[in-house]
Amino acid sequence: MAVYKFRVAYEDDDNIFRDIEIKPSHTFRDLDECIAQSYNFPKDKKSRLYKSNDRWLKLDEINIDEKPVKKKKEIHQPMIIHYIDDPHQHFLYEFESKKQTFNLLIELLSLNGNEKAGVDYPMMVRSSGPSPVKKDDLMAHLSKKEAVDDDEQYAVDEEDDDVEGMGKEGDEEGEEEGGDDADTSEFDEFNIEGEEFDR
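In this numbering scheme, every chain counts its residues from 1 along its sequence in written order. Only residues with pLDDT of at least 70 get local features here, since the model is predicted, and only at 80 or more are side-chain atom pairs given and counted; chain-wide, interface and lining totals rely on the full set of residues. Excluded from the side-chain calculation are hydrogens and water; included are all heavy atoms of the structure.

A. Quick peek at the overall build of the chain. A tally of helices and strands in the chain yields 2 helices and 9 strands. Listing the helices and strands of the chain from first to last along the sequence gives β-β-α-β-β-β-β-β-β-β-α. The buried label applies to any residue whose accessible area, calculated with a 1.4 Å probe on protein chains only, is under 20% of its type's maximum; exposed applies above 50%, and partly exposed to all values in between. Within the chain, buried positions represent 29% of all 199 residues. The criterion used for residue contact is that any of the two residues' heavy atoms lie within 4.5 Å. Of the contacts formed within the chain by residues at least 6 apart in sequence, a portion of 65% connects residues at least 24 apart. Strands are runs of DSSP state E lasting at least 2 residues, helices are runs of H or I lasting at least 4, and numbering of each runs from the N terminus.

B. View of the side chain of Lys 23. Note that Lys 23 resides in the loop between β2 (13–22) and α1 (28–38). Pairing of N or O atoms within 3.5 Å defines a polar contact, subject to two protein rules: one partner must be a possible hydrogen donor and the other a possible acceptor, and residues neighboring in sequence count only if both atoms are side-chain atoms. A distance of 3.1 Å separates polar atoms of two side chains, one belonging to Lys 23 and the other to Glu 115.

C. Layout of the environment of Tyr 93. If you trace the backbone, Tyr 93 turns up in strand β7 (residues 90–96). Taking the C-alpha atoms as reference points, Tyr 93 and Ser 52, separated by 41 residues in sequence, lie 9.6 Å from one another. Every residue in contact with Tyr 93, bar those within four places of it in the chain, is listed here: Asp 32, Ile 35, Phe 41, Lys 45, Ser 47, Arg 48, Leu 49, Phe 102, Asn 103, Leu 104 and Ile 106. In this structure the side chain of Tyr 93 is engaged in a polar contact, spanning 2.5 Å, whose partner is the side chain of Asp 32.

D. Structural detail: the pattern of salt bridges. Salt bridge, as used here, is a side-chain nitrogen of Lys or Arg placed within 4 Å of a carboxyl oxygen of Asp or Glu. Counting across every chain of the model gives 9 salt bridges. Between Arg 7 and Asp 19 there is a salt bridge; the shortest N-O distance is 2.7 Å. One end of the pair, Arg 7, is in strand β1 (residues 2–10); the other, Asp 19, is in strand β2, and 12 residues separate them in sequence. The exposure class assigned to Arg 7 is partly exposed, which follows from its relative accessible area of 26%. For the salt bridge of Asp 32 with Lys 45, the shortest nitrogen-to-oxygen distance reads 2.8 Å. With Asp 32 in helix α1 and Lys 45 in the loop between α1 and β3 (46–52), this residue pair connects regions lying 13 residues apart in the sequence. Each member of the pair, Asp 32 together with Lys 45, is buried. A network of salt bridges, in which partner residues are shared, links Arg 29, Asp 32, Lys 45 and Asp 65.

E. Inspection of the packing of aromatic side chains at higher detail. Here the aromatic set is Phe, Tyr and Trp, taking the six-membered ring for Trp, and pairing holds for ring centres within 6.5 Å; pairs whose planes are under 30 degrees apart are stacked, those over 60 apart are edge-to-face, and all others are tilted. As enumerated under the stated definition, the model contains 9 aromatic pairs in all. The interplanar angle of 80 degrees and the centroid separation of 6.3 Å between the aromatic rings of Tyr 4 and Phe 6 together place this pair among those described as edge-to-face. Judged by centre distance (5.3 Å) and plane angle (65 degrees), the rings of Phe 28 and Phe 91 are edge-to-face. With Phe 28 in helix α1 and Phe 91 in strand β7, this pair connects stretches of sequence that are 63 residues apart. This pair shows no difference in class: Phe 28 is buried, exactly as Phe 91 is.

F. View of the nonpolar core. Only buried residues count toward a nonpolar core. Its members are Ala, Val, Leu, Ile, Met, Phe, Trp, Tyr and Cys residues joined through side-chain atoms within 4.5 Å. Ranked by size, the top nonpolar core spans 28 residues in total, and within it Phe 6, Ile 35, Phe 41, Phe 91 and Leu 104 carry the most contacts. Every element with two or more residues in this core is listed here: β1, β2, α1, β7 and β8 (101–114). Broken down by element, this core gets its largest block of residues, 5 residues, from α1. Setting aside residues no more than four positions away along its own chain, Phe 6 makes contact with Arg 18, Asp 19, Ile 20, Ile 22, Ile 80, Ile 84, Phe 91, Ile 106, Glu 107, Leu 108 and Leu 109.

Here it is in structure tokens:
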């Protein structure tokens, strides 16, 4: 059976994310529980899930606790596969607790993963960065990221200045060395032709 891979990223820093593999037949309750476990969310948290577009705007709300629907003799489970319209489907996950609220951005990375024998799905397959609920770890992570970004910005600015300066120096030297000679040679040519006409 195929396996879906979702990336669940913190809205304020896409370097904080969890990659989760899940079967198409699983429900959003299964996904919600895996997200909560992978980010160490408190048990008293509340969550809402929305279908989203490419700009992460809310569309339709999805009932995480949707119950199976019985139609005639068949029972229709609220499976994730029924909500996938795009190979890069987006969902918006709202987290709320007594102390904080924030959003997670869920993007479908792959539709064609292969189920591994002996593995219990859903499962987290990759983790990057601290959990947003751990404020001390989050602030330390964001401060470190800002410092790295500042260093990169200054490095680029210095490099640009060097490149611009080199270009200007080269142009000035070229004008000083070749400018007068070029003008003189042109006038000499006209003078020679003039002498020939006078003769």
